[in-house]
Protein chains: 2
Amino acid sequence: MATKTNHEANALNALKQAFLVYPQTIKKEPRVAYAGTRGSYGEEASLAFFKQHCELFPFKTFEDVFVALSQGSIDYGVLPIENSSTGSIAAVYDLLSRYQYYIVGEEEIKARHCLLAPKGASFETIAEVYSHPQGFSQSQEFLNDYTRWKCIPYYNTAIAAAYVAEKSDPTMAAIASKRAAEIYDLEVLAENINFSQTNVTRFVVISRKIELFKNPTRVSIAFRLPHRPGSLYEIIGIFSVFSLNLCKIESRPLLKENWEYLFFIDFTGNISQNTLVNLLPIIEEKAEYFQFLGYYPQFEEK
Amino acid sequence: MATKTNHEANALNALKQAFLVYPQTIKKEPRVAYAGTRGSYGEEASLAFFKQHCELFPFKTFEDVFVALSQGSIDYGVLPIENSSTGSIAAVYDLLSRYQYYIVGEEEIKARHCLLAPKGASFETIAEVYSHPQGFSQSQEFLNDYTRWKCIPYYNTAIAAAYVAEKSDPTMAAIASKRAAEIYDLEVLAENINFSQTNVTRFVVISRKIELFKNPTRVSIAFRLPHRPGSLYEIIGIFSVFSLNLCKIESRPLLKENWEYLFFIDFTGNISQNTLVNLLPIIEEKAEYFQFLGYYPQFEEK
């Protein structure tokens, strides 16, 4: 098909090559980049996945992480891709597609918000609380008891904590993680205050090349379909035939194409090397554009 | 089925009732609520849909809009539901499901960012720029020419404009809409600076009850499926049989159910009253939970 690119064939070949050296292991003390500041959930996800034996590099934006990967100054990037409150993080999908990099792992982080304040502050001295708007909405039940506090939205929870620490003013508090309290030397006045809502963020570990770590179980792909009724039905049927579980499906509008849609699908199941190398070309054949995003071990609660 | 609620049957009955009085018209000078401040894209969407013959009420959060609807202090709410860069806005779907209200219309707003500054400021005097992080990323190509400017992320573009206006400091600028410049009396130093990326937000108009305005063409539904391979395939097949176009499909994790997924589907096509009242019960039968979200005219570029 005219729109097929070399990349698509290359990705399938690269996958076959990767199977020849399966399982790969993570190199010693990898250089890992995340988007955010110290004390952010991105840093937490990086440490949880690489188990502290890594060198961490915070970057300002998602794209900065991809640029660092492309320059070879880091080995892996760790970026949020799905959040239980806000849904998928489309910008990361766009970057994966633009840079043609791969997902090699995933990690889930539960937001556990705390009320943090400088030494000497108490519930009585606080007048203003800083956090990300989601930090407020997830802690609404807790905040309902302190209606005199003014909630001031901030860029992210870790930056809010850094700001409150810098001001060292007992009228100011932040809603952020316990780790942010340690890093910015703040007191924890209340723990796990987000009891109204559980919030989990799924992070993916990104690499320039396909790496198959031990026991991969989840596959992520992206594709665009011809604009006619039934085209998605045919593709979904393929998964049904192979008895695979769709664990995520999402359509994303392609603006330049009049809201034509790109589909993102994750599936799990009893996926052998044979299943995968047989299945992917079938989807590729039916799609106008196809991208293999990764094959990696699913996150498991520790 | 045990999990079926009265609401589901009620919604289908309410839909049949609504067909009896089709087409309904928007009442004169409706009271319309949006989330955001004056000069925000939410206000712009409200004005675009209701054509200025409405009374506008800005609210701080999405849920405040739903609460105002439930109290009868407003007639319609206007909230963002999908963005071409960030994807679906899950919180709005959650609220629709929790309050059991309906989508009765939609509107699309293209973000057209401008560089705004107080009188007396120029490209040479500016040192700091305030905006929503998306405002920066969408204007990246423009900002690349002014690397000495410090970009300071802010809650939203309209609040950034209000802040810069309040400070009236020629070293400060904001990236926000032209309308924000008018409202906050700022100068427009550069227009349409988001040339690197088009950003469209889809807003939905929400009502307490089903209202069928003239020529509805798009249907929104939500459902949960039994957790077995093929269950989504069966549902998608129904749309294929009825020759309907799926224009949006999305799965959203249900945290309490171990990442079990809720599906959101929008479809368009030659939908007669008969098709709809026949089709919806078939889907309801196969789903563990089913919600009719609305049947409304699709947005058309003016």
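Looking now at the overall build of chain A. Secondary structure summary: chain A contains 10 helices and 15 strands in total. The C-alpha extent of chain A, read off along each of the three principal axes, is 65 × 45 × 35 Å. By residue count, 53% of the 302 residues in chain A fall in the buried class. With the model as given, the accessible surface of chain A reaches about 13000 Å², and the carbon-plus-sulfur share is 49%. Between the mean site of the 29 positive side-chain charges and the mean site of the 34 negative ones, chain A shows a separation of 4 Å.

We now examine the sheet that holds strand β9 (residues 172–176) of chain A. Residue and element names in this part refer to chain A. Taken in spatial order, the five strands of this open sheet run β8-β7-β9-β6-β10, and their pairing is mixed. Bordering the open sheet on either side are β8 (150–153) and β10 (187–190), each of which pairs with just one other strand. Each neighbouring strand pair of the sheet contributes to a mean axis angle of 35°, computed without reference to strand direction. Bridge count between strand β6 (residues 114–117) and β9: three bridges; the pairing is antiparallel. Looking across to β9, one finds that Leu 115 is bridged to Ile 175. Contacts between helix α7 (residues 157–167) and the sheet are confined to β6, β7 (128–131) and β9, with β9 contributing the most and set at about 155° to the helix.

Now for the relation of the copies chain A and chain B. Laying chain A over chain B is done by rotating through 180° and shifting 0.0 Å along the axis; what remains is an RMSD of 0.1 Å. Put plainly, the chains are arranged around a two-fold axis. Among all residues of chain A, the one whose C-alpha sits closest to the rotation axis is Glu 250 of chain A, at a distance of 2.2 Å.

What follows covers the packing of helix α9 (residues 231–241) of chain A against helix α9 (residues 231–241) of chain B. Between α9 of chain A and α9 of chain B, whose axes approach to 9 Å, the crossing angle comes to 155°. Taken together, the axis directions place α9 of chain A and α9 of chain B in an arrangement best described as roughly antiparallel. Taken as a pair, α9 of chain A and α9 of chain B cross one another with a handedness that is left-handed. Across the interface between the two elements, Leu 232, Tyr 233, Ile 236, Gly 237 and Ser 240 of chain A from α9 of chain A touch Leu 232, Tyr 233, Ile 236, Gly 237 and Ser 240 of chain B from α9 of chain B.

All names here are of chain A. By the secondary structure assignment, Ser 139 is in the loop between α5 (133–138) and α6 (140–143). Judged by its relative accessible area of 0%, Ser 139 is buried. Here Gly 135 takes part through its backbone oxygen, which lies 2.8 Å from a polar atom of the side chain of Ser 139.

Time to look at the domain arrangement of chain A. Residue and element names in this part refer to chain A. One can read the domain layout of chain A as domain 1 (24–111 + 199–205), domain 2 (114–190) and domain 3 (217–293). Placing the centre of domain 1 and that of domain 3 at their C-alpha centroids yields a distance of 24 Å. Contacts between domain 1 and domain 3 engage 13 residues on the former and 11 residues on the latter. Buried area between domain 1 and domain 3, summed over both chains or domains, comes out near 1000 Å², and the portion from carbon and sulfur atoms is 46%. Inspection of the domain 1/domain 3 interface yields two salt bridges. Note that Arg 202 is salt-bridged to Asp 266, the shortest N-O span being 3.5 Å. Across the contact surface, domain 1 and domain 3 share five residue pairs in polar contact (both at pLDDT 80 or more). Listing elements by their share of the side of domain 1 that touches domain 3, those giving two or more residues are α4 (90–99) and β5 (102–110). With five residues, the top contributor of residues to the side of domain 1 that touches domain 3 is α4. Residue composition of the side of domain 1 that touches domain 3, by class: six nonpolar, three polar and four charged.

Next up on the list: helix α2 (residues 41–50) of chain B. Counting buried positions along α2 of chain B yields eight of 10 residues, so the element is predominantly enclosed. By the burial criterion, the buried members of α2 of chain B are Tyr 41, Gly 42, Glu 43, Ala 45, Ser 46, Leu 47, Phe 49 and Phe 50 of chain B.

Before going further, it helps to spend a moment on the nonpolar core. Ranked by internal contacts, the top residues of the largest apolar core, which has 64 residues, are Ile 221, Phe 223 and Phe 292 of chain A together with Ile 221, Phe 223 and Phe 292 of chain B. Among all residues touching Ile 221 of chain B, those that are not within four sequence positions of it are Phe 239, Phe 263, Phe 264, Ile 265, Phe 267, Leu 280, Ile 283, Phe 290, Gln 291, Phe 292 and Leu 293 of chain B. Core analysis: the next-biggest nonpolar cluster, separate from the first, contains 25 residues, Leu 95, Ile 103, Val 204 and Tyr 289 of chain A among them.

Criteria and thresholds
- Residues numbered from 1 in each chain as written.
- Chains lettered and ligands numbered in written order.
- Predicted model: local features only at pLDDT ≥ 70, side-chain atom pairs only at ≥ 80, totals over all residues.
- Heavy atoms only, no water.
- Helix = DSSP H or I, 4+ residues; strand = E, 2+ residues; numbered from the N terminus.
- Buried < 20%, exposed > 50% of the residue type's maximum accessible area, 1.4 Å probe, protein only.
- Areas by Shrake-Rupley, 256 points an atom, 1.4 Å probe, with all protein chains shown as cover.
- Lys, Arg positive; Asp, Glu negative; His and termini not counted.
- Charge placed at Lys NZ, Arg CZ, Asp CG, Glu CD.
- Pairing = 2+ DSSP bridges.
- Axes fitted to C-alpha atoms, helices over the stretch in contact; angles between N-to-C directions.
- Contact = heavy atoms within 4.5 Å.
- Least-squares fit on C-alpha atoms with pLDDT ≥ 70 in both.
- Parallel < 35°, antiparallel > 145°, perpendicular 65-115°, else oblique.
- Left-handed = near helix turned anticlockwise from the far one by under 90°.
- Polar contact = N/O pair within 3.5 Å; in protein donor to acceptor, adjacent residues only side chain to side chain.
- Domains from an automatic or database assignment.
- Buried area = accessible area lost by both parts, 1.4 Å probe.
- Salt bridge = Lys/Arg side-chain N within 4 Å of Asp/Glu carboxyl O.
- Nonpolar A, V, L, I, M, F, W, Y, C, P; charged D, E, K, R; others polar.
- Core = buried A, V, L, I, M, F, W, Y, C linked by side-chain atoms within 4.5 Å.

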